[in-house]
Amino acid sequence: MASLDDLKKRITSVKSTQKITKAMKMVAAAKLKRAQDSAEKGRPYSEKMNNIILNLSSGISDKETAPKLLSGSGKEQVHLCVVLTSDRGLCGGFNANIIKKAKSYFAKLNKEGKELKIITVGSKGNDQLKRVYGNKIIENISFKNSKNANYFDAEKVGKIIIEKFQKEEFDICTIFYNQFKNVITQIPQAQQIIPLNTKRDDQNDLEDNYEFEPDEDEILSNLLPKNISTQIFKAMLENSASEQGARMSAMDNATRNAGEMVDKLTIEYNRSRQAAITKELIEIISGAESL
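Residues numbered from 1 in each chain as written. Predicted model: local features only at pLDDT ≥ 70, side-chain atom pairs only at ≥ 80, totals over all residues. Heavy atoms only, no water.

1. Points about the sheet that holds strand E5 (residues 186–194)
Alright, step 1. Reading across from one edge, E3-E2-E1-E4-E5 is the order of the five strands in this open sheet, with mixed pairing throughout. One side of each edge strand has no neighbouring strand; the edge strands of this open sheet are strand E3 (137–141) and E5. Ignoring which end each strand starts from, the neighbouring axes of this sheet average 20 degrees apart.
Alright, step 2. Relative to E3, strand E2 (residues 115–121) runs parallel, the two sharing four bridges. Across the sheet, residue Val-121 finds its bridge partner in E3, namely Ile-141.
Alright, step 3. Of the strands in this sheet, strand E1 (78–84), E2, strand E4 (172–180) and E5 touch helix H3 (residues 94–111), which is tilted by about 175 degrees from E1.
Alright, step 4. The strands that helix H4 (residues 123–133) touches are E1, E2 and E3; relative to E2, the one it contacts most, it runs at about 155 degrees. (Pairing = 2+ DSSP bridges. Helix = DSSP H or I, 4+ residues; strand = E, 2+ residues; numbered from the N terminus. Axes fitted to C-alpha atoms, helices over the stretch in contact; angles between N-to-C directions. Contact = heavy atoms within 4.5 Å.)

2. Some details on the packing of H3 against H4
Axis angle and axis distance: for two packed helices, these are the angle between their axes and the distance between the axes, and together they describe the pair.
Alright, step 1. Contact geometry for H3 and H4: axes closest at 10 Å, N-to-C directions at 35 degrees. As for how H3 packs across H4, the hand of that crossing is right-handed. Between H3 and H4, the contacting residues are Asn-95, Ala-96, Ile-99, Lys-103 and Phe-106 on the first element and Lys-124, Gly-125, Gln-128, Leu-129 and Tyr-133 on the second.
Alright, step 2. In terms of residue class, the contact of H3 with H4 is made up of five nonpolar, three polar and two charged. (Left-handed = near helix turned anticlockwise from the far one by under 90°. Nonpolar A, V, L, I, M, F, W, Y, C, P; charged D, E, K, R; others polar.)

3. Observations regarding the environment of Asn-126
Alright, step 1. Along the chain, Asn-126 turns up in helix H4.
Alright, step 2. Note: C-alpha distance between Asn-126 and Leu-84 (42 residues apart in sequence) is 9.5 Å.
Alright, step 3. Sequence-distant contacts of Asn-126, that is, excluding residues within four places in its chain, are made with Thr-120, Ile-137 and Asn-140.
Alright, step 4. Of note is the side chain of Asn-126, whose polar atom sits 3.4 Å from the side chain of Thr-120. (Polar contact = N/O pair within 3.5 Å; in protein donor to acceptor, adjacent residues only side chain to side chain.)

4. Overview of the pairing of E1
Alright, step 1. Across the seven residues that make up E1, a large majority, seven, are buried.
Alright, step 2. With burial as the criterion, each face of E1 is covered, one bearing Val-78, Leu-80, Val-82 and Leu-84 and the other bearing His-79, Cys-81 and Val-83.
Alright, step 3. Relative to E2, E1 runs parallel, the two sharing seven bridges. Bridge pairing in E2 places Val-83 opposite Thr-120. (Buried < 20%, exposed > 50% of the residue type's maximum accessible area, 1.4 Å probe, protein only.)

5. Quick notes on the layout of surface pockets
Alright, step 1. Estimated volume of the largest pocket: approximately 790 Å³.
Alright, step 2. The class makeup of the residues in the lining of the largest pocket is 12 nonpolar, 11 polar and eight charged. (1 Å grid on protein atoms, 1.4 Å probe; cavity = no way out; pocket = protein on both sides within 12 Å on 5 of 7 lines; lining within 4 Å. Points joined across faces, edges and corners; volume = space filled by probe spheres on them.)

Have a look at this one:
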């Protein structure tokens with residue numbers, strides 16, 4: 001059984017940890033509101049840009065002259081997977097869920113005999129993937145110094161991807177991230193961005209009517225690179241909101257667990273103290289009676 005001093009130190013230590021987790025929960029809650037608003041505002045923009053490109057692509061008569069970012073290289077052998085995770089931990093299963101989704105996709109590619117290349121955005125994803133897929137990681141990008149998700153960081157990642165595609169280093173590019181639903185739920189996503197997935201959802205069946213100047217090919221050549229950066233930016237915004245939601249939930253659980261542990265340790269401390277006092281009283285009474 002632990003001594004009274006040891007129990008007292010453990011109670012003090014757990015209470016200190018509880019204060020830290022409670023503070024982290026409050027910070028995450030404050031950041032969550034802004035991150036959630038940004039993610040929700042970014043969705044319509046990225047979806048509208050995607051729909052415009054889909055409408056433009058439907059008007060192209062000669063698919064062979066279509067931009068490669070839209071039509072692809074014509075092959076499906078080399079897959080580039082961009083895994084977006086956080087640079088910081090203590091956010092529950094946020095990073096683990098993205099990695100699990102990515103690994104499932106990697107296993108599928110391996111089973112089909114495809115070649116895999118990985119770009120990790122965020123140190124946590126790189127730390128977990130390099131143990132098994134270290135030889136597949138061709139680049140690791142970190143934005144630790146960026147306070148919030150921003151378009152310039154997304155554009156930097158987009159330019160790297162486009163440059164590698166133009167050098168014919170891969171055929172298909174897929175990004176992995178968490179879509180924010182609420183504080184409790186974040187949904188891992190795998191989104192193909194090169195070539196653009198031209199399959200329409202039921203809700204996108206209605207086409208908008210546009211008059212184009214210049215022609216579709218030229219507009220697409222300008223819009224497609226921007227769309228890649230936009231889709232990556234959307235993924236970063238979703239990740240940012242998901243990370244803060246997951247951290248808030250994780251720190252709330254940690255705070256409650258610390259409170260329960262303090263209660264248990266306090267009961268144990270009081271029982272040990274009571275036992276020590278009872279033992280001393282028995283020794284005093286026994287000594288008095290022997291006299």
